[in-house]
Amino acid sequence: MKKTIAVIAGDGIGPEIVGEAVKVLKKIAEKFGHDFTFNEKLVGGAAYDAFGDCLPDDTLKACKTADAVLLGAVGGPKWDSLPGPQRPEKRALLTLRKELGLFANLRPAKVWAPLKGASPLKDEIIGEGLDLLVVRELTGGVYFGEHSRAADGQSALDKMPYSVMEIERIARTAFESAKKRGNHVTCVDKANVLETSRLWREVVQKLHDAEYADVALDFMYVDNAAMQLVRAPSRFDVILTENMFGDILSDEASQITGSIGMLPSASLRADGFGMYEPIHGSAPDIAGKGIANPLATILSAAMLLRHTFGLQTEADAIERAVGKVLAEGARTADLGGAMSCSEMGAAVLAAI
Ligand code: IPM
Ligand code: MG
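Since the structure is predicted, the reported quantities are computational estimates derived from the model, not experimental observations.

**With respect to the site of ligand 1**
- Near ligand 1, the surroundings consist of Glu89, Leu93, Arg97, Arg107, Arg136, Tyr143 and Asp247.
- In terms of residues, the shell around ligand 1 owes the most to one element, helix 4 (residues 88-99), which gives 3 residues.
- In terms of residue class, the shell around ligand 1 is built from 2 nonpolar, no polar and 5 charged.

Written out as structure tokens, the structure is:
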């Protein structure tokens, strides 16, 4: 298979972790006879320093014309004083999501058996393990509604719009995902307060009854969901939710797995095109030290192969290799070990 991958490593630990993931993808290409071209571009603060723009046209174009995008992380204290719209998070990340039409964000959170002890939850709460998927709507809601400040500076407004079309397509992603997993969707909202949530409930229920009646569906208020995630996380299979609730709940879900350094993500369009990134950030405090955990990015590369290229065997090979090195005791600092970023990458390569 011949494919081009836009590689935008970004800031902080981005270049270190993405470097290891690219080595893994090259190894997969060699082993399974694929031809992957890596088109590396600057994004985030790194691009701002070089070109005065966190998302230069050239980078956006490279992403739009690639078959898939691999992203590290953007942002850091150096660029925190930029005006809102120019900041790496808004200008690079949110613009990429919108421009590429990536409305479906998949954030799987699972406890890897060898890392069970790393979870802050008690054994009896974790039970047999924990494996859930947050399906977060990524291009609508309050992130992309109007943001404004009154002329007198005495009030501000953030609008939270949602259309039936936006809700229906993300609900479809959640039901389709659930069919491949535990066949259970929990739609998380705040329908006791928000009109958008009431629309979500109607649209999700209607789609369920018409096309996915065989998938179990329940609804939960977001405050309760935040509580159930630490009280009884195994009650969840797929959590379907809007943009901001998904942002918050996915960070919470990541922590119950033990390390945010293990969690990959996919941001997808309906045709399968996607951008893949670890859910953790640029970690400026440890950048350049070579101690970051590359596994979340390596697992994101596996998701890329599975979801955008349809390469199941290759994706499985990466995930099995990660399971194997963890079982053998490979640990970076976030997992309580002393392995460097490149040593962890090399261990995964060897296991493949
Ligand atoms: C995430 C991040 C982003 C978000 C920030 C950096 C804008 O927290 O991907 O979860 O809120 O979506
Ligand atoms: Mg977040």
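From this point, the discussion proceeds with the structure in view.
**Some words on the nonpolar core**
- Grouped together as the largest cluster of nonpolar side chains are 90 residues, with contacts concentrated most on Leu240, Met262 and Leu305.
- In contact with Leu305, other than residues within four places in its own chain, are Leu25, Ile28, Phe36, Gly310, Leu311, Glu314, Ala315 and Ile318.
- Ranked by size, the runner-up nonpolar core spans 18 residues in total, among them Cys54, Val74, Leu93 and Met275.

**Side note on helix 12 (residues 341-351)**
- Where helix 12 is concerned, the buried positions are Cys341, Met344, Gly345, Ala347 and Val348. On an axial view of helix 12, the arc spanned by its buried residues comes to 160°, and they lie on one face.

**Remarks on the side chain of His34**
- In this structure, His34 sits in the loop between helix 1 (14-32) and strand 2 (35-40).
- A polar side-chain atom of His34 sits 2.7 Å from a polar atom in the side chain of Glu314.

**Considering the pattern of salt bridges**
- Considering all chains together, one arrives at 21 salt bridges under this definition.
- The partner of Arg181 in a salt bridge is Asp131, with the nearest N and O atoms 3.4 Å apart. Here Asp131 lies in strand 5 (residues 131-137) and Arg181 lies in the loop between helix 6 (164-179) and strand 8 (184-189), a separation of 50 residues in the sequence.
- For Arg181, a relative accessible area of 30% puts it in the partly exposed group.
- Among the salt bridges present, the one from Arg201 reaches Asp189, with a minimum N-O distance of 2.7 Å. One end of the pair, Arg201, is in helix 7 (residues 195-211); the other, Asp189, is in strand 8, with 12 residues separating them in the sequence.

**A look at the sheet that holds strand 11 (residues 264-268)**
- Spatially, the 10 strands line up as an open sheet ordered 2-1-3-12-11-4-5-10-8-9, and their pairing is mixed. Looking along the sheet, the strands with just one partner apiece sit at the ends: strand 2 and strand 9 (216-221). On average, each strand axis in the sheet is tilted by 25° relative to the strand beside it, whichever way the strands run.
- Two elements, strand 8 and strand 9, share 6 bridges in a ladder whose sense is parallel. Paired with Val188 across the two strands is Met220, which belongs to strand 9.
- Here helix 9 (residues 243-256) sits on the sheet and contacts strand 4 (104-110), strand 5, strand 8 and strand 10 (238-241); the angle it forms with strand 5, its principal contact strand, is near 155°.

Calculation notes
Residues numbered from 1 in each chain as written. Chains lettered and ligands numbered in written order. Predicted model: local features only at pLDDT ≥ 70, side-chain atom pairs only at ≥ 80, totals over all residues. Heavy atoms only, no water. Near = heavy atom within 4 Å. Helix = DSSP H or I, 4+ residues; strand = E, 2+ residues; numbered from the N terminus. Nonpolar A, V, L, I, M, F, W, Y, C, P; charged D, E, K, R; others polar. Core = buried A, V, L, I, M, F, W, Y, C linked by side-chain atoms within 4.5 Å. Buried < 20%, exposed > 50% of the residue type's maximum accessible area, 1.4 Å probe, protein only. Contact = heavy atoms within 4.5 Å. Arc of directions from axis to C-beta. Polar contact = N/O pair within 3.5 Å; in protein donor to acceptor, adjacent residues only side chain to side chain. Salt bridge = Lys/Arg side-chain N within 4 Å of Asp/Glu carboxyl O. Pairing = 2+ DSSP bridges. Axes fitted to C-alpha atoms, helices over the stretch in contact; angles between N-to-C directions.

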